[in-house]
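Fold and geometry: a report
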Amino acid sequence: MPDATNNLGRALGGWVLHRMDLGGVVAARRFARSQVVTASIERVDFHAPIDLGDIAVLTAYVYDVGETSMQVRVDVTAERPSEGVERETASSHLTFVAIDDEENVTTVPDLTVETAEERRLRDAALNGEPTAPTQ
């Protein structure tokens, strides 16, 4: 939308980063089944612009866990509905820590990687490779 774009009609980096953090929170909360806080954001790579009128699509998933923390990969693509084109626009790795009702750190479940697609995504995230879905 216009209020989230710069003078070139492209999504502001901070706007994209905010949504990436929110997408990561959703993935981490679903996994941990508790509240989470952002502990760190490992660099953000902007691959291509999101133009005014594009639809930003976020994909976020937990790919590694510690005792109380989760590593989440967030990828952003931009879809141009009028052309049926989708392209990679940004990616990042974020770390979230699970907290309980008293806001103390709490343990997270073990990560189970069951399907070939889950293994592919985990391996790609661990190796810093693109994670576009297979066709």
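The preceding data block contains the structure.
Residues numbered from 1 in each chain as written. Predicted model: local features only at pLDDT ≥ 70, side-chain atom pairs only at ≥ 80, totals over all residues. Heavy atoms only, no water.

1. So, the overall build of the chain
Let me state the cut-off plainly: Numbering goes from the N terminus for both helices and strands, where a helix is a DSSP run of H or I of at least four residues and a strand is a run of E of at least two. Just to be clear, the radius of gyration here is over C-alpha atoms, and the globule rule we use is 2.2 Å times residues to the power 0.38. Exposure classes here rest on a 1.4 Å probe applied to the protein chains alone. A residue is buried below 20% of its type maximum, exposed above 50%, and partly exposed in between. Residues are treated as being in contact if the distance between any of their heavy atoms lies within 4.5 Å. In this tally Asp and Glu are treated as negative and Lys and Arg as positive; neither His nor the chain ends contributes. Just so you know, the charge point we use is NZ for Lys, CZ for Arg, CG for Asp and CD for Glu.
The helix and strand inventory of the chain stands at two helices and four strands. Scanning the chain from its N terminus toward the C terminus, one meets helices and strands in the order α-β-β-β-β-α. Over its C-alpha trace the chain gives a radius of gyration of 16 Å, about what one expects of a compact globule, namely 14 Å for 135 residues. Counting only residues that meet the buried cut, the chain has 32% of its 135 residues in that class. The long-range share in the chain, meaning contacts at least 24 apart out of those at least 6 apart in sequence, stands at 63%. Placing the 12 positive and 23 negative side-chain charges of the chain at their respective mean positions leaves the two points 4 Å apart.

2. Some thoughts on the environment of Asp123
Inspection of the secondary structure puts Asp123 in helix H2 (residues 116-126). With 60 residues separating them in the primary sequence, Asp123 and Tyr63 have C-alpha atoms 8.4 Å apart.

3. Some remarks on the pattern of salt bridges
The cut-off we apply is this: Salt bridge, as used here: a side-chain nitrogen of Lys or Arg that lies within 4 Å of a carboxyl oxygen of Asp or Glu.
One pass over the full model with this rule turns up nine salt bridges. We note a salt bridge from Arg43 to Asp45, for which the minimum N-O separation is 3.0 Å. Owing to a relative accessible area of 60%, Arg43 belongs among the exposed residues under this scheme. By relative accessible area, which is 25% here, Asp45 ends up partly exposed. For Asp75, the salt bridge goes to Arg73, with nearest N and O atoms at 2.9 Å. Classification of Asp75 by relative accessible area gives buried; the value is 12%. Residue classification places Arg73 among the buried positions, given a relative accessible area of 4%. Residues joined in a network through salt bridges with shared partners are Arg10, Asp51, Asp54, Arg80 and Arg87.

4. Observations concerning the environment of Ala32
One can find Ala32 in helix H1 (residues 13-32). Taking the C-alpha atoms as reference, Ala32 lies 16 Å from Glu102; in sequence the two are 70 residues apart. Aside from chain neighbours lying at most four places away, what touches Ala32 is Met70, Ala98, Val108 and Pro109.

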